[in-house]
Amino acid sequence: QVQLVESGGGLVQPGGSLRLSCAASGLTFSSYTIGWFRQVPGKEREFVARIWRTDNTLYAHSVKGRFTISRDNAKNTVYLQMNSLKPEDTAVYYCAAGPGLLYSSHISYNIWGQGTQVTVSS
């Protein structure tokens, strides 16, 4: 069974940090692009970051310099380190996977996790 499971969300004050994890099972992890997306109720799902199997990364402009995506193929896990968090980062964060070299369109990703809530508030 192909599965992505996110963890690490929670409540953090502005300026704080969180690290999200995405654990994959049932797929040849090293062959997939893994992406992070986020969504606020009433808004479209937004691209955050993605990493290729070659460790090439891409970030949304809004998070560049604050977020870092990385992967550990031995553990079938991708991480999203989020620093200098802002209230506008509040959202449900989703991990997604797709075969090959993908970019920022959520349409290209065909495997999704259940999401983890991140709330940035004082």
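Right above here is the structure, for reference.
Residues numbered from 1 in each chain as written. Predicted model: local features only at pLDDT ≥ 70, side-chain atom pairs only at ≥ 80, totals over all residues. Heavy atoms only, no water.

Q: I'm lost on the sheet that holds strand S1 (residues 3–7) in this one. Help?
A: Sheets are built from strands that pair by backbone hydrogen bonding, the pairs being arranged parallel or antiparallel. Pairing in this open sheet of four strands is antiparallel, and the strands run S1-S3-S8-S7 from one edge to the other. Taken across any chain shown, the strands that pair with only one partner, and hence form the sheet edges, are S1 and strand S7 (67–72). Averaged over neighbouring strand pairs, the angle between their axes works out to 15° when direction is ignored. Here S7 pairs with strand S8 (residues 77–82) via six bridges, running antiparallel. Bridge assignment links Arg-71 to a residue of S8, and that residue is Val-78. (Pairing = 2+ DSSP bridges. Helix = DSSP H or I, 4+ residues; strand = E, 2+ residues; numbered from the N terminus. Axes fitted to C-alpha atoms, helices over the stretch in contact; angles between N-to-C directions.)

Q: How should the environment of Gly-100 be read in this particular structure?
A: Within the secondary structure, Gly-100 sits in the loop between strand S9 (91–99) and strand S10 (111–112). A relative accessible area of 25% means that Gly-100 is categorised as partly exposed. For the pair Gly-100 and Arg-38, spaced 62 residues apart in sequence, the C-alpha separation works out to 22 Å. Residues contacting Gly-100, with those up to four places away along its chain left out, are Ser-31, Tyr-32, Thr-33 and Arg-53. (Buried < 20%, exposed > 50% of the residue type's maximum accessible area, 1.4 Å probe, protein only. Contact = heavy atoms within 4.5 Å.)

Q: Would you mind going over the state of the cysteines with me for this structure?
A: Here a disulfide denotes a covalent bond joining the sulfur atom of one cysteine to the sulfur atom of another. One pass over the structure, following the stated rule, counts one disulfide. The residue that forms a disulfide with Cys-22 is Cys-95, at a sulfur-sulfur distance of 1.8 Å. Negative torsions about the S-S bond denote left-handed disulfides, and the value of about -65° found for Cys-22 with Cys-95 makes this one left-handed. Of this pair, Cys-22 sits in strand S3 (residues 18–25) while Cys-95 sits in strand S9; the two residues are 73 residues apart in sequence, bridging distant segments of the chain. (Disulfide = S-S within 2.5 Å.)

Q: Is there a simple way to explain unusual backbone geometry in this structure?
A: Among all residues save glycine, negative phi is the norm, and among peptide bonds the norm is trans. With phi around 55°, Asn-76 is a residue other than glycine that occupies positive phi space. Following the sequence through the fold, Asn-76 ends up in the loop between S7 and S8. The class of Asn-76 is partly exposed, set by a relative accessible area of 24%. Not every positive phi belongs to a glycine, and Ser-84 is a case in point at roughly 50°. Relative to the helices and strands, Ser-84 resides in the loop between S8 and S9. On the basis of relative accessibility, which here comes to 41%, the residue Ser-84 falls in the partly exposed class.

Q: How should the environment of Gln-81 be read in this particular structure?
A: Inspection of the secondary structure assignment puts Gln-81 in strand S8. The class of Gln-81 is partly exposed, set by a relative accessible area of 26%. A sequence separation of 60 residues divides Gln-81 from Ser-21, and the C-alpha atoms of the two residues are 8.8 Å apart. The residues contacting Gln-81, other than those within four sequence positions of it, are Ser-17, Leu-18, Arg-19, Arg-66, Phe-67 and Thr-68. A polar atom in the side chain of Gln-81 sits 2.9 Å from the side chain of Asn-83. (Polar contact = N/O pair within 3.5 Å; in protein donor to acceptor, adjacent residues only side chain to side chain.)

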